[in-house]
Amino acid sequence: MRKLKLLMVFLFVCGIPTGCSQSGQSVVVGAKDFTEQYIIGYMLTLLIEDNTDIIVTYKSDLASDVLFAATRTGAVDLYMEYTGTVYGSFLRFSDVKSYEETYEISARELMERYSLRMLDPLGFNNTFALAVRADTAVEHNLKTISDLAEVSPDFVLGGFAEFFNRHDGLPNLKITYDMTFKEERVVNPASHYQALINDEIQVLEVYSTDGMLIESNLVVLEDDKQFFPPYHGAIIIRDDTAEKYPELLEVLNKLVGLLTDEIMRDLNYKVNVEGEYAKDVAENFLRVSNLIK
């Protein structure tokens, strides 16, 4: 497996264009293979291009492990990662920490182990969540998962297969909130929202920044006991890249704290539901926010 990852990184490096500016200033911005990553990747690219003389190569559709390995080896200079992914998948910690601890430990360990800087979070938290239909929320006055626990025996819950076995999934969620469901059902990823809309299930496991939450008019319940691990988006940049181009930090930090869950959900919606191009969505957001000309 390790050899396969190294081969993928090698092939990735070979595929990067070698053109650069007259001053030799160039960086590679990476992104994973889904909508939210495309949007943020374009934001980083456009921000750098508009505010510096650095030439940017944007490389997307990369698997998570490949992108992280490419950043460690220098094939990628920066990209947006999730604190929970760093903490659990890359650093191999298994316990669940608070938002602050997850970020602080991840940032410290990334620098110490790999000479990678993690900038302050952008503002949104793309973690696991529970959602209900808007009419269900109104009828039962549901705002938090604790509210749900009071009526959960009357509801059918749907989730993806792994949700029923993960340590941060349903078994420990039920213990934390002391709740049970009338039925627990594995749902098809292709039709899980429709199952909720059709009232085949009343509660659904979702990702908190999914644009389909808007399309389906769903209410995301507050995780008031902070059970689900934090997956706050934050930019990771190689330390040598930050040292070489110190202006990058000032530019990239303009995004810090700017993207809430609601804003990210809306941006994803524009791409996934309304069919806009990720680059156009990113550019429009930056212009409206007065971050590019």
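Attention in this report is confined to the structure presented alongside it.

As for the side chain of Ser106
Then comes step 1: Mapped onto the secondary structure, Ser106 falls in helix α5 (residues 99-114).
Then comes step 2: Look at Ser106 and you get buried, because its relative accessible area is 0%.
Then comes step 3: With residues near it in sequence (within four places) discarded, Ser106 still touches Thr83, Val86, Tyr87, Leu91 and Met118.

Remarks on the environment of Glu250
Then comes step 1: Within the secondary structure layout, Glu250 lies in helix α12 (residues 247-252).
Then comes step 2: Judged by its relative accessible area of 62%, Glu250 is exposed.
Then comes step 3: Taking the C-alpha atoms as reference, Glu250 lies 42 Å from Asp147; in sequence the two are 103 residues apart.

Some remarks on unusual backbone geometry
Then comes step 1: Non-glycine residue Ser115 carries a positive phi angle of around 55 degrees.
Then comes step 2: Looking at the element boundaries, Ser115 is found in the loop between α5 and β4 (116-118).

Side note on the nonpolar core
Then comes step 1: Of all hydrophobic cores here, the largest spans 62 residues; its most connected members are Met43 and Leu148.
Then comes step 2: The element that contributes the greatest number of residues to this core is helix α2 (residues 35-51), accounting for seven residues.
Then comes step 3: Setting aside residues no more than four positions away along its own chain, Leu148 makes contact with Leu130, Leu142, Phe155, Met179, Phe181, Val203 and Leu221.
Then comes step 4: Within the second largest apolar cluster, 18 residues are counted, among which are Leu67, Ala70, Tyr79 and Leu91.

Some points on the pattern of salt bridges
Then comes step 1: All told, the structure shown has twelve salt bridges when counted by the stated rule.
Then comes step 2: Residues Glu81 and Lys32 are paired through a salt bridge, measuring 2.6 Å at the closest nitrogen-oxygen approach. One end of the pair, Glu81, is in strand β3 (residues 78-82); the other, Lys32, is in the loop between β1 (26-30) and α2, and 49 residues separate them in sequence. Exposure class is identical for Glu81 and Lys32. Each is buried.
Then comes step 3: Glu243 is the partner of Arg117 in a salt bridge, and the nearest nitrogen-oxygen pair spans 2.9 Å. Of this pair, Arg117 sits in strand β4 while Glu243 is found in helix α11 (residues 239-244), placing the two residues 126 residues apart along the sequence.

Brief notes about the pairing of strand β7 (residues 183-186)
Then comes step 1: Alignment of strand β6 (residues 156-159) against β7, held across four bridges, turns out to be parallel. Bridge assignment links Gly159 to a residue of β7, and that residue is Val186.
Then comes step 2: Crossover connection from β6 via helix α8 (residues 170-177) to parallel β7: handedness right-handed.

Points about a negative patch on the surface
Then comes step 1: Side chains of Glu215, Glu274, Glu276 and Asp280 sit close together on the surface and give a patch of like negative charge.
Then comes step 2: Within the secondary structure layout, Glu276 lies in the loop between α13 (261-272) and α14 (278-288).

Examining α8
Then comes step 1: Within the sequence span of α8, burial applies to Leu170, Leu173 and Tyr177. Taken down its axis, α8 places every buried residue within 55 degrees of arc, on the same side.
Then comes step 2: Packing partners of the buried residues in α8 comprise β5 (128-133), α7 (145-149), β6 and β7.
Then comes step 3: Of the residues flanking the end of α8, it is Asp178, one or two places downstream, whose phi is positive at about 50 degrees.

A closer look at the packing of aromatic side chains
Then comes step 1: Scanning the entire structure with this criterion turns up ten aromatic pairs.
Then comes step 2: Consider the rings of Phe163 and Phe164, whose centres lie 6.0 Å apart with planes at 75 degrees: the pair is edge-to-face. Residues Phe163 and Phe164 agree in their burial class; the two are buried.
Then comes step 3: Cluster of aromatic residues (ring-pair linked, three or more members): Phe128, Tyr207, Phe227, Phe228 and Tyr231.

Cut-offs and rules
Chains are numbered independently. Their residues run from 1 in the order of the written sequence. Totals for whole chains, interfaces and linings use all residues, but because this is a predicted model, local features are given only for residues with pLDDT of at least 70 and pairs of side-chain atoms are given and counted only at 80 or more. For the side-chain quantities, the full set of heavy atoms in the structure was used; hydrogens and water were omitted. Numbered from the N terminus, helices here are DSSP runs of H or I no shorter than four residues, and strands are runs of E no shorter than two. Residue burial is assigned from relative accessible area. The probe radius is 1.4 Å, only protein chains are included, and a residue is buried under 20% of its type maximum, exposed over 50%, and partly exposed in between. In this analysis, two residues are considered to be in contact whenever any of their non-hydrogen atoms come within 4.5 Å of each other. In this description, a nonpolar core means a group of buried Ala, Val, Leu, Ile, Met, Phe, Trp, Tyr and Cys residues linked to one another through side-chain atoms lying within 4.5 Å. When a carboxyl oxygen of Asp or Glu lies within 4 Å of a side-chain nitrogen of Lys or Arg, that pair is called a salt bridge. A strand pair is defined by DSSP finding two or more bridges across the two strands. With the strands aimed away from the viewer, a crossover counts as right-handed if its path from the first strand over the helix to the second runs clockwise. Patch members must show over 30% relative accessible area and no salt bridge, and they are joined within 9 Å when carrying like charges or within 5 Å when they are nonpolar side chains of Val, Leu, Ile, Met, Phe, Trp or Tyr. Only the protein chains shown count as cover for residues, and the accessible areas themselves come from Shrake-Rupley with a 1.4 Å probe. For the purpose of charge, His is not counted, nor are the chain termini; Lys and Arg are scored as positive and Asp and Glu as negative. By convention, charge coordinates are those of NZ in Lys, CZ in Arg, CG in Asp, or CD in Glu. This arc is taken over the directions from the axis of the helix to the C-beta atoms. The aromatic pairing rule takes the rings of Phe, Tyr and Trp, using the six-membered ring of Trp, and pairs them if the centres are within 6.5 Å, calling planes under 30 degrees apart stacked, those over 60 edge-to-face and the rest tilted.

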